[in-house]
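# Structural overview
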Amino acid sequence: MKNCGDLVDNKSAIVGGVGDMYSEDSATLDQPITPWTISVASGYSLMRDPRYNKGLAFTEKERDAHYLRGLLPPIVLSQELQEKKMMNLIRQYEVPLHRYMAMIGLQETNERLFYKLLIDNVEELLPVVYTPTVGEACQKYGSIFRHSQGLYISLKEKGKILETLKNWPERTVQVIVVTDGERILGLGDLGCQGMGIPVGKLALYTALGGVRPSLCLPITIDVGTNNEKLLNDEFYIGLRQKRATGEEYDELLQEFMYAVKQNYGEKVLIQFEDFANHNAFELLARYSSSHLVFNDDIQGTAAVVLAGLLSALRLLGGTLADHKFLFLGAGEAGTGIADLIALEISEQNGKPIEENRKNIWLVDSKGLIVRSRKESLQDFKKPWAHEHEPITGLINAVKAIKPTILIGTSGVGKQFTKEVVEDMASFNKTPLIMALSNPTSQAECTAEEAYTWSEGRAIFASGSPFDPFEYEGKTFVPGQANNAYIFPGFGLGVIMAGSIRVHNGMLLAASKALASQVTEEHYEKGMIYPPLTNIRKISANIAAKVAAKAYELGLASHLPQPEDLVESAEKCMYSPVYRSYL
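All of these numbers come straight from a predicted model, not from anything done at the bench. (Residues numbered from 1 in each chain as written. Predicted model: local features only at pLDDT ≥ 70, side-chain atom pairs only at ≥ 80, totals over all residues. Heavy atoms only, no water.)

## Description of the nonpolar core
Quick note on the threshold: Put simply, a nonpolar core is a bunch of buried Ala, Val, Leu, Ile, Met, Phe, Trp, Tyr and Cys residues held in one set by side-chain atoms that sit within 4.5 Å of each other. Classification of residues uses two cut-offs on accessible area relative to the type maximum, computed with a 1.4 Å probe and protein chains only: under 20% is buried, over 50% is exposed, and between them is partly exposed. The contact criterion used is simple: two residues touch if any of their non-hydrogen atoms lie within 4.5 Å.
Grouped together as the largest cluster of nonpolar side chains are 122 residues, with contacts concentrated most on Met434, Phe490 and Tyr529. Residue contacts for Met434: discarding those within four places in its chain leaves Val305, Leu309, Leu406, Ile407, Gly408, Phe416, Ala461, Ala481, Ile528 and Tyr529. Formed by 36 residues, the second largest nonpolar core is a distinct cluster that contains Ile221, Leu239, Met257 and Leu284.

## Topic: the domain arrangement of the chain
Stated formally: How far each domain reaches was decided by an automatic or database domain assignment. Buried area: the accessible area, evaluated with a 1.4 Å probe, that two parts lose upon being put together, summed over both parts. Only one rule defines a salt bridge in this text: a Lys or Arg side-chain nitrogen within 4 Å of an Asp or Glu carboxyl oxygen. Polar contacts here mean pairs of N or O atoms no more than 3.5 Å apart (in protein, one a potential hydrogen donor and the other a potential acceptor; neighbouring residues in sequence count only if both atoms are side-chain atoms). For helices the rule is a DSSP run of H or I covering at least 4 residues; for strands it is a run of E covering at least 2, with both sets numbered from the N terminus onward.
For the chain, the assigned domains read domain 1 (43-129), domain 2 (148-295), domain 3 (300-470) and domain 4 (485-572). Here the C-alpha centre of domain 4 lies 25 Å away from the C-alpha centre of domain 3. The interface of domain 3 with domain 4 comprises 20 residues on the first partner and 15 residues on the second. At the boundary of domain 3 with domain 4, total buried surface from both sides reaches about 1500 Å², with 70% on carbon and sulfur atoms. Applying the counting rule to domain 3 against domain 4 returns 2 salt bridges. For Lys512, the salt bridge identified is with Glu344, shortest N-O distance 3.5 Å. Counting across the domain 3 and domain 4 interface gives 7 residue pairs in polar contact (both at pLDDT 80 or more). Taken together, the elements giving at least two residues each to the side of domain 3 that touches domain 4 come down to helix H14 (296-316), helix H15 (332-349), strand E10 (432-435) and strand E11 (459-462).

## A look at the UniProt feature "active site" (unreviewed entry) in the chain
We apply this condition: UniProt positions are given in the numbering used here, feature names are shortened, and annotations may be inferred rather than shown by experiment.
Within this structure's numbering, the places UniProt gives as "active site" (unreviewed entry) are Tyr130 and Lys201. A compact arrangement is adopted by the annotated residues: their sequence extent is 72 residues, whereas the largest C-alpha distance between any two is 7.4 Å. Along the chain, the position of Tyr130 falls in the loop between helix H6 (122-129) and helix H7 (133-139). The residues touching Tyr130, leaving out its near neighbours within four places in the chain, are Lys201, Leu204, Asp296, Asn482, Asn483, Ala484 and Phe487.

## What about the packing of helix H5 (residues 111-120) against H6?
Counted only if it meets this: Note on definitions: angles span 0 to 180 degrees between N-to-C directions of axes, and those axes are lines fitted to C-alpha atoms, for helices only across the stretch in contact. Under the grouping applied here, Gly and all other residues not named as nonpolar or charged are polar, the nonpolar ones being Ala, Val, Leu, Ile, Met, Phe, Trp, Tyr, Cys and Pro and the charged ones Asp, Glu, Lys and Arg.
Two elements in contact, H5 and H6, have axes whose closest approach is 6 Å; the angle formed by their N-to-C orientations is 120°. Contacts between H5 and H6 involve Phe114, Leu117, Leu118, Ile119 and Asp120 from the first element and Val122, Leu125, Leu126 and Val129 from the second. Considering only residue class, the contact of H5 with H6 consists of 8 nonpolar, no polar and 1 charged.

## So, the sheet that holds E10
Hydrogen bonds between backbone groups are what pair the strands of a sheet, and the pairing can be parallel or antiparallel. As a reminder, the rule being used: Strand pairing is defined by DSSP finding a minimum of two bridges between the two strands.
Strand order across the open sheet formed by 7 strands is E8-E7-E6-E9-E10-E11-E14, with mixed pairing between neighbours. Because the sheet does not close on itself, it has two edges, and the strands there are strand E8 (367-368) and strand E14 (479-480). Here 2 bridges tie strand E7 (residues 360-364) to E8, and the two strands are oriented antiparallel to one another. Looking at E8, one finds that Asp364 is bridged to Gly367. Where H15 meets the sheet, its contacts fall on strand E6 (325-328) and E7, and the angle it forms with E7 comes to roughly 175°. Strand contacts of helix H17 (residues 394-401): E6, E7, E8 and strand E9 (405-408), with the helix running at about 175° to E6, the strand carrying the most contacts.

Following this line, the structure appears as structure tokens:
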């Protein structure tokens with residue numbers, strides 16, 4: 001495995017659209033590319049192809065060779081100077097949505113410069129292209145929509161989804177991120193406008209995980225929306241009807257899943273994003289044995305939170321089995337995290353997973369999940385119905401259970417009140433508080449509240465970013481339990497190994513790989529996640545561990561196994577540096 005091109009398994013893809021037109025993906029960085037397959041009379045179209053456009057960075061020789069003379073001002077700017085100019089422009093925007101639109105505009109006109117900016121300024125730009133700004137972008141997607149960046153598969157395409165997939169210009173696709181828009185972050189049903197999520201996720205697959213953009217496909221499944229505001233919005237871009245459910249929904253999803261496999265082969269990774277609970281669990285259960293599927297809300301969130309817990313043990317002491325967990329929220333994220341925690345404890349102590357669930361408690365909208373409620377619970381909640389008297393209200397559950405670790409996945413803001421945090425601090429020397437709901441407005445509490453109400457003793461992590469906070473002379477750096485730590489490296493590892501299925505062991509491997517990247521210097525600041533500035537190195541290590549587990553489990557198809565998987569991961573990562581078109 002010597003370069004990114006080696007990750008493309010052309011034999012696994014059945015004909016659909018066109019391939020890498022200019023052979024750029026399989027060329028080395030120092031190999032000149034000729035961006036034409038036929039003779040042309042003008043380079044005008046070259047400047048309007050975002051994948052090959054370099055703007056003012058086209059050299060004098062390139063301008064002569066590709067009919068660009070006179071189509072650009074005479075100055076030649078380096079990519080570095082273009083990057084500096086673009087960052088200066090983005091920083092002038094005070095409104096986050098304006099920054100988002102500027103970045104998306106760049107992605108639509110100059111792909112390599114977009115990724116260069118994102119990679120080099122990841123901590124500053126991640127909140128712009130991803131959570132929390134992407135939430136507002138989805139809410140207003142109809143108004144800001146300019147160019148299609150993915151595939152829209154609606155009920156109108158039922159019976160012809162395979163033909164629709166073939167309209168996508170790339171013949172080889174290795175990662176698909178798909179949503180039906182029913183549960184976008186903590187914002188609810190945004191219908192077709194949920195496309196901002198697959199687009200944002202795949203931008204991170206490339207920037208943080210090194211998967212080439214040509215191998216990524218964002219898809220929105222449009223079955224309608226129950227959001228009356230959108231249905232009455234003249235700028236809404238989706239089907240104007242109530243959501244299809246039941247057999248009609250299931251048939252469309254089934255056709256989609258098998259069309260993807262037929263068109264792109266068995267080794268295309270399908271990542272589900274922001275499906276409602278009832279569909280998310282069912283889709284994962286139904287297709288995990290026949291497709292390479294991964295649910296980021298269930299599995300990705302679980303893996304990144306488990307990583308934070310494993311690293312936090314250095315500050316908390318003991319093992320996972322020694323701690324008591326209380327979740328506010330028992331949906332995809334909450335039960336997914338709880339399951340992976342119980343699985344990891346079982347790996348450590350060898351006891352049945354059922355026994356290791358006993359110290360993990362969940363609270364939903366009706367109160368503590370207990371055995372007396374079992375008959376009325378959804379199936380994915382039933383394993384967490386323990387023997388206990390019924391309790392309503394989070395504060396009452398905190399007082400009764402006395403957890404050492406409090407995790408919020410409710411999607412409802414301000415639930416970790418002063419009373420809740422003070423109570424946690426009253427019976428824990430170092431309470432771990434994870435307010436994971438996105439976007440920032442939906443966080444269960446802020447970093448400032450957690451540190452202040454615990455008198456500086458809490459370890460805090462959130463789903464959306466919070467600034468460092470100073471309390472009594474000490475600066476605390478909040479952790480961000482961001483799925484971006486996990487899914488790009490996880491996906492790269494799956495692709496590297498040519499894995500045909502996702503296994504829980506691969507998720508545990510990803511969590512441990514991330515936890516191992518936290519250093520003593522980070523712990524001194526109260527951090528339980530490493531800085532995002534090193535995310536590509538982190539992703540390479542995660543990819544290596546995930547790939548190694550795939551080989552160990554016999555799920556890998558790219559043989560033989562490379563001797564150094566970290567080196568292989570780093571070598572196959574996409575580079576956004578401009579190519580020479582001579």
